[in-house]
Amino acid sequence: RKNTYSPNQGYGLDFSLKKASSRIMGRFDYLKVELDSYKNSKVGPFSLFSRLRLESIEGEYPNQDSLGIFDIPNFYVAGVSTPGREYMSPRGYIKRPWSKYKTGTRAMMATLELRTSALPVSIFEVLKIFKIGMPSLVIFADIGNAWTNIFDLNKSVTTSGAEIRFSFNIISEPLFIFSYGWAQDVEKWAKNSNIPEPYLQLSLVNSF
């Protein structure tokens, strides 16, 4: 059960290649490559989760396949699977109304999380079927970047924050894992002590 909510072991590597050709009843010609990796480690009573995603695209591609750093929340089922596309969205990143998204033909995002083990308690329960509980705490840092020609680390989006996680279970199986947290750019944490507006979103435990 602990491996479902806060695993402290295991690693993975996922590689995918997508080729579209206008010769096969299509409108676009492009090649998209994705690399996703993660690792769970035990650090005393805590779990350390690290993840690295790399994406590359070449050719004439539709807008929905564009690479970049976005402020679009992702949808996760059971803290693992993502129906549809998973955007590179650092937590706490908010695009300014007058600015554009950071886009390019290459994109990367790295995540580091220090997690506590989930407590085996139910905060709310209905007929022993629907349960809300298994709370845990997470401190994290996200860094993302997108570029076309030259990678510039100084132009990366770097955020950090903390979350309280809890799951919505059907009987004993998690259907959704939610995060209620606070995050913002690292520079904002350094310049002032103001706490950003909290957010509530679905959370990822393992990427696959």
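Residues numbered from 1 in each chain as written. Predicted model: local features only at pLDDT ≥ 70, side-chain atom pairs only at ≥ 80, totals over all residues. Heavy atoms only, no water.

Caption draft 1: Seen up close, a nonpolar patch on the surface. Judged by side-chain polarity, Ile123, Phe124, Val126, Leu127, Ile129, Phe130, Ile170 and Ile171 come together as a nonpolar surface patch covering roughly 760 Å² of accessible area. At three residues, strand E7 (residues 122–126) tops the list of elements feeding residues into the nonpolar patch. As for its placement among the helices and strands, isoleucine 170 is situated in strand E9 (residues 157–170). (Patch = residues over 30% accessible without salt bridge, like charges linked within 9 Å, V, L, I, M, F, W, Y side chains within 5 Å. Areas by Shrake-Rupley, 256 points an atom, 1.4 Å probe, with all protein chains shown as cover. Salt bridge = Lys/Arg side-chain N within 4 Å of Asp/Glu carboxyl O. Helix = DSSP H or I, 4+ residues; strand = E, 2+ residues; numbered from the N terminus.)

Caption draft 2: Region of interest: unusual backbone geometry. The backbone of alanine 78 sits at a positive phi, close to 60°, despite the residue not being glycine. Along the polypeptide, alanine 78 turns up in the loop between strand E4 (67–69) and strand E5 (102–104). Of note in the backbone geometry, isoleucine 171 takes a positive phi value of approximately 60° without being a glycine. If you trace the backbone, isoleucine 171 turns up in the loop between E9 and strand E10 (173–185).

Caption draft 3: View of the environment of phenylalanine 208. Here phenylalanine 208 is to be found in the segment after strand E11 (199–202). The spatial distance from the C-alpha of phenylalanine 208 to the C-alpha of glutamate 113 is 16 Å, given a sequence separation of 95 residues. Residues in contact with phenylalanine 208, not counting those within four places in the same chain, are Gly12, Leu13, Asp14, Asp36, Tyr38 and Val80. (Contact = heavy atoms within 4.5 Å.)

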